[in-house]
Amino acid sequence: MTNQPRDRWNSRLVFILAAVGSAVGLGNIWRYPHAAFSAGGGAFLIPYFIALLTAGIPLLMLEFGLGHRMQGSAPASYGRAHPKWESLGWWAAMGGLIIAFYYTVILAWVSFYCYELVKMLVTAQDQLPWDSKGGAATYLFNYVLTGDENTKHAENVFAPLNWGALLLNGLMWLAIYVTLRKGAESIGKIIIPTITIPLVLLFILFFTAINLDGSSAGLSYYLSPDWSKMDSWQEVIKVAQGAYGQIFFSLSIGFGTMVAYASFLPKKADINNSAMIAGLTNSGVEFFGGFITFSVLGFLALNNGVFVSDAVEGGFGLALVSYPTTISQLPFDVTGQALIGLAFFGSLFLLGYTSAFSLVEPMVIGIVDKFGLSRVAVLRIFCLFGWVVGIIFCTPGGFTLLDTVDHYLNSYGLLGVGLMQCILVGWVYGPKKLRDHLNHVSERRATWFWDFCIKFFTPTVLILLLSLNAIDDLRFLWSDEGQLYSNYTGQTQLIGVGAFALTIVAAVFFAQRKTNKQGYHDIPEFDYGSK
Ligand code: PFF
């Protein structure tokens, strides 16, 4: 098997945009406001920025650095850092792939909102789609999720199938196929419009939101710390847990994406600055997006005579129920409301799309790097497989199932991979060795502080977070107050835990296969001479 030259980005800008595209996604729009909101608004921002500087950017530098130094996918790169650690890379990539299985279904639902809004505008109807179906919650649960007004969303009901969602999900996988087909080259082509259009749309939403009556009350809730949420140690820990969890998910750390993307960089690449730019841009978008959400919350609070903190529920509901409800209350005519709705769901869709394909790439390049198979063949199998597996989420119980799988993969998979990466670089490979590489190729130097974060600080935080998550999930064993995740049934929990277990089994399986590529385990030469 001859070794092909490695795929390359067209420019450093394209690499940074691809990394930002992966990071900025659904998590920025519906996870971040909820995390900030439930932690008492402004009080959240302090631990959030500490988390960014002490864990987010250092880990991003680690992933970029390893991918760049080892010139390989996550399994190849970790395996080259130490032969026994290849499975860590498969674990990461497999977690990403499973997340992609339902992330695309969420995008299918979001695209359905876009489709219905366009249809409404074109046929000049005088009601928003959800208002014509009895409100945003009824619309979501009894129509969008089920595809049929006579079927209600229910846990553990796998039939009947939502054919509309299945079809749209198929289109998502087709789009992913086209985007990833030529690797860095085809991603580079798609990334510029898919990143810039939603950012422009967010600006439009921003100006609309801050001009609403009551927005200033919402913004002051967002920006001024509510210290009463940090009265006890337990509360401080809870807020910090939310902040670190948000940073990890939002920065796309722990799924092999950033390692794979950095492996497509040429030798000359300012890694430290790129990590800084990607990290700050991602948080900038979240922070900025928060202005939209909280202005709207202030408006809602004024309109409905409640406190900002009682204005909406969070999580998935925030994006798919609270936002549509709010759109119906905006002081514009119905066409204006539909256009704002389209701007919102359109930007959500595009931001999510650039994250969705970045979740698939690590597994694809992992297999290509190890087995030397054709990228297109591997991609075809994964896209078809993704569409078929996605069927279980296109059912009345799919929403609950997806929420549960998401919980277990993020609470344990992502944080577990993050922790093992710190151990690999901090204690096995050596932080100094990787830092030397980073500093050789970068303009801005990483200092002892980076070593300290990777070796001691970040792993300590990750162990704490993992333990806290496990305590939250297992509390029911010793306390009446505890419950399994969201109190869903045993069957749902089993599928969630099973998905997590599958990532580990797959990791061991792929790591044990023999490679048929020459030099797969060798650390590539890196000539720093002509920097
Ligand atoms: N960072 C993405 C978001 O905020 O929605 C989600 C994500 C994408 C996580 C890619 C991990 C990943 F590898």
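Structure first, text after, so check above.
Here the structure is a predicted model, which is why all the values come from computation and not from measurement.

Quick notes on the rules
- Residues numbered from 1 in each chain as written.
- Predicted model: local features only at pLDDT ≥ 70, side-chain atom pairs only at ≥ 80, totals over all residues.
- Heavy atoms only, no water.
- Near = heavy atom within 4 Å.
- Polar contact = N/O pair within 3.5 Å; in protein donor to acceptor, adjacent residues only side chain to side chain.
- Helix = DSSP H or I, 4+ residues; strand = E, 2+ residues; numbered from the N terminus.
- Nonpolar A, V, L, I, M, F, W, Y, C, P; charged D, E, K, R; others polar.
- Salt bridge = Lys/Arg side-chain N within 4 Å of Asp/Glu carboxyl O.
- Buried < 20%, exposed > 50% of the residue type's maximum accessible area, 1.4 Å probe, protein only.
- Axes fitted to C-alpha atoms, helices over the stretch in contact; angles between N-to-C directions.
- Parallel < 35°, antiparallel > 145°, perpendicular 65-115°, else oblique.
- Left-handed = near helix turned anticlockwise from the far one by under 90°.
- Contact = heavy atoms within 4.5 Å.
- Expected span 1.5 Å × (residues − 1).
- Bend = angle between axes of the 7 residues up to and from the residue.

Talk me through the site of the ligand; I want residue IDs and the actual numbers.
Residues in close proximity to the ligand total 15 residues, the closest being Ala23, Gly27, Tyr103, Phe249 and Thr257. Contacts to the ligand include Asn28, whose side-chain N or O atom sits 3.3 Å from an oxygen atom. With respect to the ligand, the backbone of Ser250 contributes an N or O atom lying 3.1 Å from a nitrogen atom. Put simply, the parts of the chain that give the shell around the ligand at least two residues each are α1 (12-23), α2 (26-38), α10 (233-250) and α14 (334-371). Considering only residue class, the shell around the ligand consists of 6 nonpolar, 9 polar and no charged.

Account for the pattern of salt bridges, naming residues and giving values.
On inspection of all chains with the given rule, the structure shows 9 salt bridges. The shortest N-O distance in the salt bridge between Glu116 and Lys119 comes to 3.5 Å. Of the two residues, Glu116 and Lys119 are both situated in helix α5 (residues 86-122); the distance of 3 residues between them amounts to about one turn of the helix. Given the relative accessible area of 8%, Glu116 is considered buried. You can call Lys119 partly exposed: its relative accessible area is 36%. Notably, a salt bridge pairs Glu185 with Lys189, separated by 3.5 Å at the nearest N-O pair. Taken together, the residues Glu185 and Lys189, both in helix α8 (residues 184-210) and 4 residues apart, mark about one turn of the helix. Relative accessible area serves as the criterion here: at 61%, Lys189 is assigned to the exposed category. Salt bridges sharing partners connect three or more residues here, namely Lys238, Asp472 and Arg475.

Can you break down the packing of α1 against helix α12 (residues 271-304) residue by residue, with the values?
Orientation of α1 relative to α12, taken along the N-to-C sense of each, is 40 degrees, at an axis distance of 9 Å. Considered as vectors, α1 and α12 are oriented oblique to each other. The handedness of the crossing between α1 and α12 comes out as right-handed. Across the interface between the two elements, Arg12, Phe15, Ile16, Ala19, Val20 and Ala23 from α1 touch Asn273, Ser274, Ile277, Ala278, Thr281 and Asn282 from α12. Taken together, the residues of the contact of α1 with α12 sort by class into 7 nonpolar, 4 polar and 1 charged.

Lay out the side chain of Ser355 in plain terms, naming residues and giving numbers.
Within the secondary structure layout, Ser355 lies in helix α14. By relative accessible area, Ser355 is classed as buried at 3%. Excluding its chain neighbours within four sequence positions, the residues that come into contact with Ser355 are Gly21, Ser22, Val24, Gly25 and Tyr103.

Break down α2 for me, with residues and values.
With 13 residues, α2 ought to run about 18 Å at 1.5 Å a step, and its terminal C-alpha atoms sit 18 Å apart, in line with that. The largest bend in α2 amounts to roughly 30 degrees and is located at Tyr32, with the proline Pro33 lying one to four residues further along. Among the 13 residues in α2, 10 count as buried, and that is most of the element. Restricting attention to buried positions, one finds in α2 the residues Leu26, Gly27, Asn28, Ile29, Trp30, Tyr32, Pro33, Ala35, Ala36 and Phe37. One or two steps after α2, the chain reaches Gly40, where phi turns positive at roughly 90 degrees.

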